Amino acid sequence: MKIALVGATGLVGGVMRKVLEERGFGQHDFIPAASSRSIGREIEFAGKMFRMVSVEDAISAAPDIAIFSAGSGPSLQYAPQFAAKGTVVIDNSSAWRSDPEIPLVVPEINGDVIKSTDKIIANPNCSTIQMVMALCPLHKKYGIKRLVISTYQSVTGTGMKAVNQLRKERAGESCEKAYPYPIDMNLFPHGGTFEDNGYTTEEIKLVNETRKILRDNDIQITATVVRVPVTGGHSEAVNVEFRQEFDLDEVYDLLRNMPGVQVQDDPARNIYPMPLWAEGKDDVFVGRIRRDFSQPNTLNLWVVGDNLRKGAATNAVQIAELVRNKFLK
Ligand code: A2P
């Protein structure tokens, strides 16, 4: 089997290599690609050095699977060209997520939607993935009516330039800016770009992608995305109104029984999810689980996940595993 990684030199690309290796893809032929700036450069994968190739050369090699993490532009341009060669593209950008013909997949939740004929599969937005992991079992049981979400998103979600901005600002050095303002000792309610309706693209992703993954367009959703000077993962305060009554003990059980979710909730011992603990882990952590006394059938949750792992690389590699095991063996 041949596997290509487009955007192999990027922040997510680096974690993709690690996760591919961890999950047994190291024995397959590996084709790393990035922009023309990186052609010929050597990178490491599964204990061996590989030379970076152009995306065109990766397409010509007709890999079985191509994982993309190079942004929407390259995905729009190249994914159809890979697909025409028979390659299954797993795309981490937002380019294809809202296309009704393209599956948007979190394997634990809706892996069943992938068909043998699908050649482009979208990996959801990082903050959506971790949130739906926690919400899925609760939605199945009680039906979600409305979500009010506030996110506290790590700079790693913006890529290498943003992580570099935070580090350099902290060290008092000048650098190229990924954000319009300093991010060290600061935060801003601005993720992605502003739309005419006053919401940002990151906020709209949370609305549309949650509905698509949970297969329920009736869920009412409103979100505020905030970028914070943190590197370990994204955190989210989620207020969930259900269509019917819930039982708090049962909520704990449902969350504990969800594969890929860990309940971390012991306020008496100051135990609650934090990016500090979530960093480098594949699980999504849920805590501060409590009834919202201000209105009926409503719950508050605090959800934390490493946005580079389950929010990006791990989820994409899990999709690759599904495709390999179901359609390529
Ligand atoms: P390169 O390193 O050659 O610029 P990050 O999100 O950390 O900024 O990483 C972005 C990734 O996407 C990098 O691997 C980058 O490659 C890659 N990339 C950017 N533009 C293109 C492009 N036009 N074609 C292919 N890969 C691209």
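It should be emphasised that the depicted structure is a prediction, and the values quoted were computed from it without experimental measurement.

Draft legend 1. Representation of the layout of surface pockets. Reported here for the largest pocket is a volume of approximately 1100 Å³. As for the largest pocket, its lining consists of 48 residues, and the residues nearest its centre are Ser 69, Ala 70, Gly 71, Thr 158 and Gly 159. When contributions to the lining of the largest pocket are tallied by element, the ones reaching two or more residues are α1 (11–22), α2 (55–60), α3 (72–84), α6 (160–171), α7 (201–213) and α10 (309–328). Ranked by the residues each element gives to the lining of the largest pocket, the list is headed by α3, at four residues. For the lining of the largest pocket, the class distribution of residues is 14 nonpolar, 26 polar and eight charged. Taken as a whole, the second largest pocket encloses approximately 250 Å³ of empty space.

Draft legend 2. Geometry of α3. With 13 residues, α3 should reach 18 Å at 1.5 Å per residue; the first-to-last C-alpha distance of 19 Å fits that figure. At Tyr 78, α3 is deflected by roughly 35 degrees, the largest bend along its length, and proline Pro 80 occurs up to four residues later in sequence. All buried positions along α3 are accounted for by Ser 75, Tyr 78, Ala 79, Phe 82 and Ala 83.

Draft legend 3. Spotlight on the packing of aromatic side chains. For the structure shown, the criterion picks out ten aromatic pairs. Ring centres 5.5 Å apart and planes at 85 degrees place the aromatic pair Phe 68 and Phe 82 in the edge-to-face group. Taken as a pair, Phe 68 in strand β5 (residues 65–68) and Phe 82 in helix α3 lie far apart in primary sequence, 14 residues in all. Judged by relative accessible area, which is 0%, Phe 68 ranks as buried. By the ring-pair criterion, three or more aromatic residues cluster together here, those being Phe 30, Phe 45 and Phe 50. Looking at Arg 291, its charged tip hangs above the ring of Phe 246, at a distance of 4.2 Å from the centre. Just above the ring of Phe 25 sits the side chain of Arg 324; from NZ or CZ to the centre is 4.2 Å.

Draft legend 4. View of the sheet that holds strand β10 (residues 234–242). Spatial strand order, β9-β8-β10-β13-β12-β11: six strands in an open sheet with mixed pairing. The open sheet has two edge strands, β9 (220–227) and β11 (261–263), and neither has a second partner. Strand-to-strand twist of the sheet, defined as the mean angle between neighbouring strand axes without regard to direction, takes the value 20 degrees. Pairing of β10 with strand β13 (residues 298–305) involves eight bridges; the strand directions are antiparallel. By the bridge assignment for β13, Val 240 is matched with Leu 299. Sitting on the sheet, helix α8 (residues 248–256) touches β11, β12 (284–291) and β13, and the angle it makes with β12 is about 175 degrees.

Thresholds, definitions, all that
- Residues numbered from 1 in each chain as written.
- Predicted model: local features only at pLDDT ≥ 70, side-chain atom pairs only at ≥ 80, totals over all residues.
- Heavy atoms only, no water.
- 1 Å grid on protein atoms, 1.4 Å probe; cavity = no way out; pocket = protein on both sides within 12 Å on 5 of 7 lines; lining within 4 Å.
- Points joined across faces, edges and corners; volume = space filled by probe spheres on them.
- Helix = DSSP H or I, 4+ residues; strand = E, 2+ residues; numbered from the N terminus.
- Nonpolar A, V, L, I, M, F, W, Y, C, P; charged D, E, K, R; others polar.
- Expected span 1.5 Å × (residues − 1).
- Bend = angle between axes of the 7 residues up to and from the residue.
- Buried < 20%, exposed > 50% of the residue type's maximum accessible area, 1.4 Å probe, protein only.
- Phe/Tyr/Trp six-rings, centres within 6.5 Å; stacked < 30°, edge-to-face > 60°.
- Lys NZ or Arg CZ within 6 Å of the ring centre and 35° of its normal.
- Pairing = 2+ DSSP bridges.
- Axes fitted to C-alpha atoms, helices over the stretch in contact; angles between N-to-C directions.
- Contact = heavy atoms within 4.5 Å.

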